[in-house]
Amino acid sequence: MALFPQRFIDDLKQQADIVVVIQDYVSLKKTGATYKGLCPFHGEKTPSFHVTRDKGFFHCFGCGVGGDVFKFLELHEKIGFADAVKLLAQRFGVALPEMEQSDEQRANSAERETLLKVHESAAAWFRQQLVSNAGARIRRQIEGRGITDATRDALGLGFAPAAREGLKAALLKQGFSQGVLLRAGLVVQREDGSVIDRFRNRLIIPICRDTGSVIAFGGRAVDADQQPKYLNSPETPIYSKGRTLYGLHLSKNAIRQRKFAILVEGYFDFAQVYQGGFEGVVASCGTALTPQQAQQLRRFTSKVVLSFDPDTAGQGAAAKSCEMLVAEGFAVNVALLPAGDDPDTFVRKHGHHGYAERLEHSTPYLEYLLDRAAANHNLNTDEGRVKFLGDMLPVGGRIPDAAMRDRFADRLAFKARVTDEVVRAEIRKAVVQRQPTFTKRDVPSFGQVTKAEKGLIWLLIHQPEDAVAALATLDGPDFDGLSSRSVLDLARKLNEDKGFSPSALLERLTVVDAQMVPLVTAIASEGEAHVTDAGSCVRILRRLRVERELAALQREIDRLQELGAAQNGTEIDRLWTRKHDLRSSLDELI
Ligand SMILES: [Zn+2]
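Residues numbered from 1 in each chain as written. Predicted model: local features only at pLDDT ≥ 70, side-chain atom pairs only at ≥ 80, totals over all residues. Heavy atoms only, no water.

## Regarding the packing of aromatic side chains
Part 1: Tallied over the entire structure, the rule returns 19 aromatic pairs.
Part 2: Pairing Tyr230 with Tyr267 gives two aromatic rings, centres 5.7 Å apart and planes at 55°, and the pair type is tilted. Pair noted here: Tyr230 is in strand S11 (residues 230–232) and Tyr267 is in helix H11 (residues 267–275), with a separation of 37 residues, a long-range link.
Part 3: Site record: aromatic cluster; members linked through ring pairs are Tyr25, Phe41, Phe49, Phe58 and Phe72.
Part 4: Looking at Arg145, its charged tip hangs above the ring of Phe268, at a distance of 3.7 Å from the centre. (Phe/Tyr/Trp six-rings, centres within 6.5 Å; stacked < 30°, edge-to-face > 60°. Helix = DSSP H or I, 4+ residues; strand = E, 2+ residues; numbered from the N terminus. Lys NZ or Arg CZ within 6 Å of the ring centre and 35° of its normal.)

As structure tokens, then:
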């Protein structure tokens, strides 16, 4: 991705008043120098969300999020930095700069643009065919499946007639080249060299990005003997099956609001659940969910409910999806349906209330697994209990959260009638055998950051000239072991490069050590500095350095004395002298 020039970003930030931007989403009230409101990122009743207009940042003391205006949009709109920049530029009428791109990048993005355009045109053509006379039979089929016109339109359903060159002719006429149609996978080249429509005599289901752009199609057979039943677009530069969750563009807001997602398998399951008033639904489209799809979902929620048919549960894609989601740290619930039903048939028979009740009575997947495995083994025999444990221990080993794992172990032990300790130990072994999971480095809490560090950080934002001048008098070892080292180091380097400003600091920090951004915005949002002049901060940090050195010297003296004061006398004397000098310099630093 090409980067925006720094000048442009700085100008845009000047134009884009952070209070105006955030007020699009949050109602803010001016109190003193800052604006306050209810945090949009966590539920709260008393406002702890602060926006500081002149410095251009926000911070929530409730949940700890913070950053600049770009960060706010990234978090709130669930978009990347580049899209946040584009959105703001549009909002404030600032023209985007000509991007410096390599020829290859230009060619790639031009190709993607073209592929998106051709999909948009194809989707429109398929929709026209569905509402034309030729589509009458297919419309009746859709109706027969209980799908209303409103749902049909929301999903953008279409029809590909049986003709070999229907779509191809239409798109060529619109000026798209045959090469583009081939690369988009909308047409296929046959062995005799002829190029014909990929989708013929099929109900067309457009597959979209979560922004709503059509990037591929699913085609369902409309005749009983037609093979294959489903035909999909191939992978293209704009479409990767394993990274796309069907329906997310329609459901992402509902998922965010309701704080969970319903995961179903097929397009028609999706259509019925969505139409039934459960808008927070996505479909995996017949295959097990991939970790990439789980990541897509995690931007909106970490809780998922799946509907299971008890006959097929435990086998197949749904069970694999559950396992993967649990391993990725999702809270997964299972809503059991009557035997033989899927969400499509169930919602048609029992409507909104029937399905709502099933969702309400959903159980955590792990408990469901335990119950099902317990039912499959005779736990009155040693053999049955050993098999039961053998089935369940690897499941426990894949639970990423330790507390959740222990709860699972206790339940498992209870059912297998063995002691908790044995099961916990076995599960621990299973954990060790699998790959280690990523552990997040702890963000230093307020407490670990000394008053002098906090003072300097506050001053860097509010009285930058004094603060950078003071910082310039410190050097590398002064920062050793400080919790906010990355922040102070960065400020010093920016100053050396004559590029220091409070907003440059925040912005570069998101690249260098993003986890420190909320700490900085939190400190900067406070009414005044902990230590009010930069000179004192610097003296305190120097003192801390000297105290660290003194402690190290003392440890070395102790070590030598233990080895034998007689042999090491000269060295010990030298260290004593050094210690004495350091002590005197310490007194000067008060
Ligand atoms: Zn918050």
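## Considerations on the pattern of salt bridges
Part 1: Tallied over the full model, the rule gives 29 salt bridges.
Part 2: Here Lys13 ties to Asp68 by a salt bridge, and the two come within 3.0 Å at their closest N and O atoms. With Lys13 in helix H1 (residues 6–15) and Asp68 in strand S5 (residues 66–68), this residue pair connects regions lying 55 residues apart in the sequence. There is no split in this pair, since Lys13 and Asp68 are both buried.
Part 3: Arg578 is the partner of Glu549 in a salt bridge, and the nearest nitrogen-oxygen pair spans 3.9 Å. In this pair, Glu549 sits in helix H24 (residues 534–564) while Arg578 sits in helix H25 (residues 569–588), placing the two residues 29 residues apart along the sequence.
Part 4: Under the relative-accessibility criterion, Glu549 is labelled partly exposed at 27%.
Part 5: You can call Arg578 partly exposed: its relative accessible area is 40%.
Part 6: Through salt bridges with shared partners, a single ionic network connects Asp475, Asp478, Arg545, Glu549 and Arg578. (Salt bridge = Lys/Arg side-chain N within 4 Å of Asp/Glu carboxyl O. Buried < 20%, exposed > 50% of the residue type's maximum accessible area, 1.4 Å probe, protein only.)

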